[in-house]
Structure formats: C-alpha cells, structure tokens
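Understanding the architecture of this molecule
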Amino acid sequence: MSDSALDAYWRFFETFNTRDAYTFSTAMSYPHVRVSWARDPVILADHEAHALSVGWDAFIRSGWDHTVGADPDVIGLSDEKAHIAGGWTRFTASDEPILTNKVCYIATYVEGRWGIQSRFGTDPGNEGVELTESESVAVLDRVGGFLRSLANDDGSIDRFTSDEFFVIGIGTVQRIKRGDNLGLRGMHAPKLRVIQSGPSSITVNALEDGHASLIYVVRQASEWRIKAGSWL
C-alpha cells in the first residue's frame, strides 16, 4: 500500500483547510461517524451525506483561518485499521491559537484507500486537564469489567454502556442499543492505558494476547458510560 493511515490523518487537516465540503469529505472512510461526549452521533453513509453535514461559517466567525494537526501517535495498527492519538489546534490568519483539542482517529482501509472512519473527541479547550486518580481508576475498572463481561458472555454489559453503543468496524459502523447482542471479542485480563482524557470523556487502549481495542467512555450525569469502541 503506497498510501498509509498516517497519510489519511494528515489529509484530514489538509482537506479541512480547503473550506470545500466535497474535498474535505474525500478524507473519510464510510460510513463515517464522529463520536462525542457532547451530542448524539450521526452516522453519515457516504461522501454526499458527509459533504452536506459540514460547514465553516462558525469557525470563520470565531476568527479561524486554518487548523494544524497535532503530531500523531499510532497506538494500534492492522492491515486495514489504525488507532491514532492526535488532535488539532485552530489558528487565526496571524497564527494566534484559538482552540486546541485531543482526538483519537480511527483510520480504515476501504475500497483501496485509507480514510478517517471515526473520531473520538475529548473536551475542546482542556489541553493538559487530567482526571483525578480516583476518577481514572473508576473508569479503568469500568472498561475492564466491560471487556471481561464480553469475554465471559455473561449478558451483563448493559450496566457499562450508554443507551446506544457504537462499534467502528472496517467500512462499517454499528449502532447497538442496550439489550442487543454485541458479538464482540472480550478480554479476561486486559492491560489498560488512558490515551486521552478530559472532564467529560476518556479514551482507553486495551491490550491482551496481541489483540487491541480502543474504548471511548463519557460522563453521563454522575457516572461513566462506554459509548463507542474499535477492535483490531
């Protein structure tokens, strides 16, 4: 493959800065979904649907001129999927920073090319904000319990997930409601690591026996719920 997952990551920002919706949409894999702590995700089926969903007016009103991607870290990679920890900073025309955010990107190799299929976003403007140790431990316990429940097929995963749980595949996005059968690979004793965190969301990497998953957890009211995941 001459193209790579990291090429897709940088292409995402290059095309965004064109301010052309159809050009920007060429950077994605489909179906595409941006998963956020702040709003319900919308699955965009194809290039046309994505192009119709984006605009730059609000960015321009804020003083935005261009966005620069953060140096990426590939935290998981297979032949057809990559988990990339990165993010962005928005700048004015005079290169004054406006806003910074941490984001994990899921790139997939679909129909002969790499594109960004999903984004797990942290809280914008909270660069450097970390959760307390007790909160981090509580979230990691929840992720570990979720993965063990999947491995044991004990039917108790609903207590870990949001009302809707999104599974990012390769050229697929599944929206799974509580009570549905996930059919996902679990882990008995995963090694867990917080990749990115903010006051409202945490992205966790899980490893066991050469398998990896990226789990996105959001704060809902007084508890943490798992909202999305990607498996390698």
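Summary of the structure given here.

Reading the values: rules and limits
Residues numbered from 1 in each chain as written. Predicted model: local features only at pLDDT ≥ 70, side-chain atom pairs only at ≥ 80, totals over all residues. Heavy atoms only, no water. Helix = DSSP H or I, 4+ residues; strand = E, 2+ residues; numbered from the N terminus. Buried < 20%, exposed > 50% of the residue type's maximum accessible area, 1.4 Å probe, protein only. Polar contact = N/O pair within 3.5 Å; in protein donor to acceptor, adjacent residues only side chain to side chain. Core = buried A, V, L, I, M, F, W, Y, C linked by side-chain atoms within 4.5 Å. Pairing = 2+ DSSP bridges.

This brings us to the environment of Q117. Tracing the backbone through its elements, the reader meets Q117 in strand β6 (residues 113–121). We classify Q117 as buried; its relative accessible area is 0%. Taking the C-alpha atoms as reference points, Q117 and S29, 88 residues apart in sequence, are found 4.6 Å from one another. Reaching out from Q117, the side chain makes a polar contact with the side chain of T108 at a distance of 2.6 Å.

The next thing to look at is the nonpolar core. Among the nonpolar cores identified, the biggest contains 22 residues, and F12, W56, I84, Y105, A107 and I116 are the most heavily contacted of them. Going through the elements one at a time, α1 (5–16), α2 (21–25), β1 (28–35), β4 (81–91), β5 (97–110) and β6 are the ones with two or more residues in this core. The element contributing the most residues to this core is α1, with six residues. In terms of nonpolar packing, the next biggest core, distinct from the first, is built from 21 residues, L184, V204, V217 and I226 among them.

Looking now at the pairing of strand β8 (residues 173–177). Both strand β7 (residues 161–168) and β8 contribute to a ladder of five bridges, which runs antiparallel. By the bridge assignment for β8, F165 is matched with I176.

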